[in-house]
Amino acid sequence: MIQLLLATRNQHKTREFAKLLGGNFMVRDLTSKSDVPAIVESGATFEENAALKAVTISKIFPNEIVVADDSGLEVEAVGGAPGVFSARYAGENASDRRNVEKLLRELQEVRDRSARFYCVIALAKSGQLMTTVAGEVVGTITKSPRGESGFGYDPIFLPNGFSETLAELTSETKNKISHRAQATAALVRHFNTALRSGKM
Ligand code: IMP
């Protein structure tokens with residue numbers, strides 16, 4: 001059993017990770033830990049932000065294998081925006097709805113609506129970055145929101161090969177194809193390789 005400490009207080013994220021990782025992992029998060037400072041996600045890339053979170057938390061808990069993720073939406077026509085600003089595209093503490101409205105406004109006249117959700121997972125131990133892995137789901141941005149499930153930009157993201165947005169698909173389907181699912185699968189492969197080569 002591999003024990004992991006997730007650098008999050010978001011129990012929804014913890015449950016999703018635990019489910020995606022499967023039975024060989026025991027996942028805890030920061031909810032029961034006090035005195036953990038808030039980490040400002042100041043990096044210019046998803047890789048930098050995920051690494052910053054994992055390394056900072058693993059300095060506080062040096063005996064743990066710490067896992068941190070960072071993810072967001074990149075739209076080609078607007079130079080990869082909202083990117084690392086996905087959560088606060090329409091301003092600090094902006095609602096999902098306002099972020100979506102802003103993006104749709106910016107894409108009003110745009111024909112090529114290619115986009116991807118991208119997720120980076122960083123792994124750290126004793127304050128050292130061990131590795132980063134990534135996953136993506138590619139698709140296009142719709143003209144208007146569709147569907148009620150999910151969160152964030154799900155209602156306007158049409159994954160390639162599907163005629164429903166991520167907010168119209170069931171959570172089971174989303175969890176199979178999502179950027180987080182792909183990145184988590186890469187993390188599991190990383191651990192399997194490390195175990196086989198006797199590095200863990
Ligand atoms: P986080 O790094 O997982 O906290 O994601 C940052 C932001 O990216 C979220 O607040 C959403 O706006 C957006 N985002 C990340 N993953 C998803 C997703 O699966 N669906 C929709 N939006 C997402």
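Refer to the structure presented above.
Residues numbered from 1 in each chain as written. Predicted model: local features only at pLDDT ≥ 70, side-chain atom pairs only at ≥ 80, totals over all residues. Heavy atoms only, no water.

Caption draft 1: Layout of the overall build of the chain. For the chain, the count of helices and strands is 5 helices and 7 strands. Secondary structure elements of the chain, listed N to C terminal, follow the sequence β-α-β-α-β-β-α-β-β-β-α-α. In summary, the chain has a C-alpha radius of gyration of 17 Å against a globular reference of 16 Å for 200 residues, a match within 12%. C-alpha atoms of the chain, sized along the principal axes, occupy 50 × 30 × 25 Å. Buried residues in the chain amount to 46% of all 200 residues. Long-range contacts, defined here as pairs at least 24 residues apart, represent 55% of the contacts in the chain between residues at least 6 apart. Only carbon and sulfur atoms are counted for the fraction: they give 49% of the accessible area of the chain, which is about 10,500 Å². Computing the positive centroid from 25 side-chain charges and the negative centroid from 23, the chain places the two 4 Å apart. (Helix = DSSP H or I, 4+ residues; strand = E, 2+ residues; numbered from the N terminus. Rg over C-alpha atoms; globule rule 2.2 N^0.38 Å. Buried < 20%, exposed > 50% of the residue type's maximum accessible area, 1.4 Å probe, protein only. Contact = heavy atoms within 4.5 Å. Areas by Shrake-Rupley, 256 points an atom, 1.4 Å probe, with all protein chains shown as cover. Lys, Arg positive; Asp, Glu negative; His and termini not counted. Charge placed at Lys NZ, Arg CZ, Asp CG, Glu CD.)

Caption draft 2: Local environment of the packing of aromatic side chains. A full pass over the atoms with the stated rule returns 3 aromatic pairs. Geometry around tyrosine 89 places lysine 102 over its ring, the cationic atom sitting 4.4 Å from the centre. Directly above the ring of tyrosine 118 sits arginine 116, whose terminal nitrogen or CZ lies 4.0 Å from the centroid. (Phe/Tyr/Trp six-rings, centres within 6.5 Å; stacked < 30°, edge-to-face > 60°. Lys NZ or Arg CZ within 6 Å of the ring centre and 35° of its normal.)

Caption draft 3: Examining helix H3 (residues 96-106) more closely. Restricting attention to buried positions, one finds in H3 the residues Asn99, Val100, Leu103 and Leu104. Viewed along the axis of H3, the buried residues span an arc of 130 degrees, placing them on a single side of the element. Exposed side chains of H3 directed beyond 90 degrees from the buried face belong to Arg97 and Arg105. For H3, the elements touching its buried residues are strand S3 (65-75), strand S4 (81-82) and strand S6 (128-141). (Arc of directions from axis to C-beta.)

Caption draft 4: Structural view of empty space enclosed by the protein. The full count for this structure, using the stated rule, is 1 cavity of 30 Å³ or more. What lines the largest cavity is simply Leu6, Ala7, Thr8, Lys13, Phe17, Val67, Ala68 and Asp69. Elements represented by at least two residues in the lining of the largest cavity include exactly helix H1 (11-21) and S3. Of the residues belonging to the lining of the largest cavity, the class tally is 5 nonpolar, 1 polar and 2 charged. (1 Å grid on protein atoms, 1.4 Å probe; cavity = no way out; pocket = protein on both sides within 12 Å on 5 of 7 lines; lining within 4 Å. Points joined across faces, edges and corners; volume = space filled by probe spheres on them. Nonpolar A, V, L, I, M, F, W, Y, C, P; charged D, E, K, R; others polar.)

Caption draft 5: Up close: the pairing of S3. Of all 11 residues that make up S3, 9 are buried, and the element is covered over most of its length. Pairing of S3 with strand S5 (residues 114-125), which is carried by 11 bridges, proceeds in the antiparallel orientation. Bridge pairing links glycine 72 to tyrosine 118 in S5. What sits between S3 and S4 in their antiparallel hairpin is a turn of 5 residues, with glycine 79 showing a positive phi close to 65 degrees. (Pairing = 2+ DSSP bridges.)

Caption draft 6: Region of interest: the site of the ligand. Around the ligand lies a shell of 14 residues, among which Ser71, Asp154, Lys174, His179 and Arg180 are the nearest. In this structure, an oxygen atom belonging to the ligand sits 3.1 Å away from a side-chain N or O atom of lysine 13. Taking lysine 174, its side chain carries an N or O atom lying 2.8 Å from an oxygen atom of the ligand. Relative to its unbound accessible area of 470 Å², the ligand is 86% covered by the protein chains. Judged by the fraction of its atoms near the pocket grid, the ligand is located in the largest pocket. Among the elements of the structure, S3 and helix H5 (179-196) are those that each provide at least two residues to the shell around the ligand. The element contributing the most residues to the shell around the ligand is S3, with 3 residues. For the shell around the ligand, the residue count by class is 4 nonpolar, 5 polar and 5 charged. (Near = heavy atom within 4 Å. Polar contact = N/O pair within 3.5 Å; in protein donor to acceptor, adjacent residues only side chain to side chain. Sits in = over half its atoms within 2 Å of the grid points.)

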